[in-house]
Structures are given as C-alpha cells and as structure tokens.
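If you want the building blocks of each chain, they are given just below.
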Amino acid sequence: MSYLQAVRVAPRVWWVGAIDWNLREFHGYRTGRGSTYNAFLVMDEKITLIDTVKAPFYGEMLERIASVVDPAKIDYIVSNHAEMDHSGALPRAVAELQPEKVFASTMGVKALAAHFGDALKIEAVKTGDQLNLGAGKLHFVESRMLHWPDSMLSFYDADKILFSQDGFGMHLAGSARFAAEYSDELLHDEAKKYFANILLPYAPRVTELLNALPGLGLDIDIIAPDHGPVWRNDYAKVIQWYGEFARQRAEARAVVVYDTMWGSTAKQATALADGLIAAGIKVDFACLHQMDRSDVMTLAMNAGILAVGTPTLNNNLYPSVADMLTYMRGLKPKLGMGFAFGSFGWSGEGVKQVGEYLTAMKIEQPLAAWSVKYVPTAADLTAGFNYGLELGNALLKTIAGSPAEKE
Ligand code: FEO
C-alpha cells in the first residue's frame, strides 16, 4: 500500500492532488514556495474526479485516489480548466480508468481537443446545467476568461463545496491542506501574487463574478481551488481580498523599478525615491538585478506611481527593463501615474522607449521623462528629488479628489 494518502476536505470529498515542492517557475512567474495541483474526489453514488494534475504527477494522484477507492471505479471526470497543470494527466486517466463520462465547458471541450485530440469524447456542460451524482448534484458555472476561455466552476451541493479551479488559489506547496493552517499574512501575500501575475488582466471579470456569486443561489461552505489550500469557514477573507485586488484603486504608494549598468540610473532611482518619501508616499524599491519580474508585478498592482528607470544599451532600453515592461504590459495593470527616467552615454533612446511602454499601458505621465548623460551631478540628483516630490504631491492630490476618498 502506498504511503500517499488522500485528505478529506468535506464529508464526501477528498483532496487527491499532488505537491510540486520544487516548482520555481510557472510561465514567467517565480514560484518561490512551489505549488500544488489540486484534484478532488467526490465519493457519491457516481464517483467523480474534479480536475486532474500536471502530467508527471499522474502516479501521485492515482495513489492518493487508491487510498480511498479503486481508481477504476471512477464514473465521471470533470475538467474545470484545460490548462495543462490541471489537464495534463487527463488523457492517461481516461485511457487507464475508462470513466463513463468526462465533462467540460463548451470552450473546454474545444481546448482539450486542441491539446489532446478528439479521442477523449468529452461532453459539454454550460452555466445552469446540473449533474446528478446521487446524494448531491454538481452545478456548473462557466467563468470565461477567468482566466482561460474554458474556465468553469463546479458546485457540489451535498457538501456545499465550490471547486473554483485557479480562482482563489495560490502557488504554495506545503504540508497543510487548509487555509486555516497558514498565517493570514502568508495567504494574503501569495493570493495577491497569484492575482497580480495570473488574473489581473481579467480583473473586471473577477468583479463581475464576485457580484454575481450571491445571486447564483449556491450555499457555499467550502471553496476548493486547484492550487494551494482549501478555504473552509474562512473563505470570506479571500473573497474580500479579491474584491480589493480587482478594484485596482491607486494607493499612496510608488514603485521605483529600474536596472543600472554603471550605477547612474541607480543614483537617479534613489534621488527620486527620496523625493517621493519626502512627499509622504510609501516607496517600494525594485532593482531588477535582485528582484524577479513577478515580485515586481505584485508590488506594482494598485500602486499610485510606477517609476521605471533604464540605462540605454546599444540604442535600446536595458534587457531586464524590457523584460519587465513586456511582462507587465500583458498583465494590463491599472496604475495611477507613471514616470520614465534613466541615464545614457550618447544616444539615449532607452528612456523614450520606457515612456512608450507606459503610454501603451495607458498610464498617464504627468511629468516629462528625466534623462541624465553619463553620471548624475549633484544638481541632477536635486532635480530628481524634486521630480519625486512633484509626483508624490500630484498623486496625493489625485487620491484626495477621487470619488472613493470622498465616500
Ligand atoms: Fe492552474 Fe490556469 O492553470
């Protein structure tokens, strides 16, 4: 008998997923605490597996299932999300376990066929459809673009458990399966990082879903995401955090992100940060030599000011700054205001290119970019301090005049 065990998360529901302790990279996202791929086994008259795991973890999932029931007895598999960290093991599960039926959303059927071919013979379900499992029913709710076109939620009414795929999840490998076993600070930080790096482009859809949830008539006791811990009677806090993340309200906080060749742009960044601090703005300082793009992205979410500094290298912005801005542009953050700065030797295109990225991201730039030739003088740094002061004051004025502040 395997030592790998399932973990009961509700009277009829078991966690049968896998722990990826060593995962450190997830399509551009630095996963410093690893991750889990959560699959759930519903032990009703129709034994149902909700999602699978990344392909190499098929054996781990199977052994955990076997600690509860013979895996060949699985009747149904529901694929809530076609991304391969949850569907990679699906073809093998279908081939070896031969479930009676496999279900996915309409878009899921197409996405899974595109990944694995038509042989899986998946049945499409849509919002409002119900699947009778015996003691309880599964209720399906499509959640398109949260965060793939196929994404879907499933609610098992007998145990009042919402299987939310990526939603409300986080990349966190750990020995504990329930949110209550981690500190709120850790949960908040990892949920925020997950939101900033995965869900942010679809923040308005998150707001729509949060607003729609009470009207769906789902009497939820438990939220079981596909990554990280399961939320029991404490799920209200992650719902509240999601509301705040999705609102993208500009905070009295600046992120100064930069890289440097010979220290000139670093000196500019410091002068700028000093000016911002003098204005009463909290500053997060991010040198791309030391910080990963996904951590910078987490800092940038909801920042009132994004100041981006680059040296010019061979007529271009610095590679690490280009990487950061390309990544950030895709995640479509809604930020209060931006500022481009940097140093150059003889041509100076880098700072202009930073400004173009900020424009492409629809981030207002109230001040002209700040460029310094070779090495900043004391007068240059004083000017930089004043840029920080001016930007900080402009942000405070904007926040004071915003409708949210007047509420
Ligand atoms: Fe966890 Fe969108 O996959």
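The text that follows walks through the structure, step by step, so that each part is easy to find.

Cut-off values and rules
- Residues numbered from 1 in each chain as written.
- Predicted model: local features only at pLDDT ≥ 70, side-chain atom pairs only at ≥ 80, totals over all residues.
- Heavy atoms only, no water.
- Axes fitted to C-alpha atoms, helices over the stretch in contact; angles between N-to-C directions.
- Helix = DSSP H or I, 4+ residues; strand = E, 2+ residues; numbered from the N terminus.
- Parallel < 35°, antiparallel > 145°, perpendicular 65-115°, else oblique.
- Left-handed = near helix turned anticlockwise from the far one by under 90°.
- Contact = heavy atoms within 4.5 Å.
- Buried < 20%, exposed > 50% of the residue type's maximum accessible area, 1.4 Å probe, protein only.
- 1 Å grid on protein atoms, 1.4 Å probe; cavity = no way out; pocket = protein on both sides within 12 Å on 5 of 7 lines; lining within 4 Å.
- Points joined across faces, edges and corners; volume = space filled by probe spheres on them.
- Nonpolar A, V, L, I, M, F, W, Y, C, P; charged D, E, K, R; others polar.
- Pairing = 2+ DSSP bridges.
- Right-handed = clockwise from strand over helix to strand, strands pointing away.

### Topic: the packing of helix α8 (residues 264-278) against helix α12 (residues 378-401)
(1) Moving on: Two elements in contact, α8 and α12, have axes whose closest approach is 6 Å; the angle formed by their N-to-C orientations is 40 degrees. The angle between α8 and α12 falls in the class oblique. For the element pair α8 and α12, the recorded crossing hand is right-handed. Of the residues in α12, those touching α8 at K267, Q268, A271, L272, D274, G275, L276 and A278 are L381, G384, F385, Y387, G388, L389, L391 and G392.

### Comments concerning the environment of D20
(1) Moving on: Take D20: it is sitting in strand β3 (residues 18-20).
(2) Moving on: We classify D20 as buried; its relative accessible area is 10%.
(3) Moving on: Taking C-alpha positions, D20 is 21 Å from R293, a pair spaced 273 residues apart along the chain.
(4) Moving on: Not counting residues within four places of it along the chain, the set of residues in contact with D20 comprises G34, S35, T36, Y37, K54, F57 and A173.

### Comments concerning empty space enclosed by the protein
(1) Moving on: The tally for this structure, following the rule as stated, stands at 1 cavity of 30 Å³ or more.
(2) Moving on: When its volume is computed, the largest cavity comes out at roughly 100 Å³.
(3) Moving on: Lining the largest cavity, in full, are S143, L146, L153, S164, Q165, G167, F168, L199, V206, L209, L210 and Y242.
(4) Moving on: It is helix α6 (residues 203-212) that provides the largest number of residues to the lining of the largest cavity, a total of 3 residues.

### Thoughts on the layout of surface pockets
In this approach a probe as big as a water molecule rolls over the atoms, and the regions it shows empty are the leftover space.
(1) Moving on: By volume, the largest pocket is sized at about 330 Å³.
(2) Moving on: Looking at the largest pocket, it is lined by 18 residues, and the ones nearest its centre are M261, T312, F344, G345 and W346.
(3) Moving on: For the lining of the largest pocket, the element with the highest residue contribution is strand β19 (residues 303-313), accounting for 3 residues.
(4) Moving on: Split by residue class, the lining of the largest pocket holds 8 nonpolar, 10 polar and no charged.
(5) Moving on: Counting residues per element, the ones that place at least two in the lining of the second largest pocket are α5 (184-199) and α9 (293-300).
(6) Moving on: When residues of the lining of the second largest pocket are assigned to their parent elements, the largest contribution, 5 residues, is made by α5.
(7) Moving on: Each residue belonging to the lining of the second largest pocket can be placed in one class, and the counts come to 1 nonpolar, 5 polar and 9 charged.

### Examining the pairing of strand β9 (residues 76-79)
(1) Moving on: Burial along β9 is two-sided: Y76 and V78 and I77 and S79, pointing in opposite directions, are all buried.
(2) Moving on: Bridge analysis of strand β8 (residues 47-50) against β9 gives 3 bridges, and the strand direction is parallel. Paired with T48 across the bridge in β9 is Y76.
(3) Moving on: With helix α1 (residues 58-66) bridging β8 and its parallel neighbour β9, the resulting β-α-β unit is right-handed.
(4) Moving on: Note that β9 and strand β10 (residues 101-105) share 4 bridges and pair parallel. The partner of Y76 across the bridge, within β10, is K101.

### With respect to unusual backbone geometry
(1) Moving on: A cis amide bond links L146 with the next residue in sequence, H147, at an omega value of 0 degrees.
(2) Moving on: Positive phi values are uncommon outside glycine, yet Q98 reaches one of about 45 degrees.
(3) Moving on: Residue position: Q98 is located in the loop between α3 (90-97) and β10.
(4) Moving on: We classify Q98 as exposed; its relative accessible area is 62%.
(5) Moving on: Located in the positive-phi region is Y374, a residue other than glycine, with phi close to 60 degrees.
(6) Moving on: Along the polypeptide, Y374 turns up in the loop between β22 (370-373) and α12.

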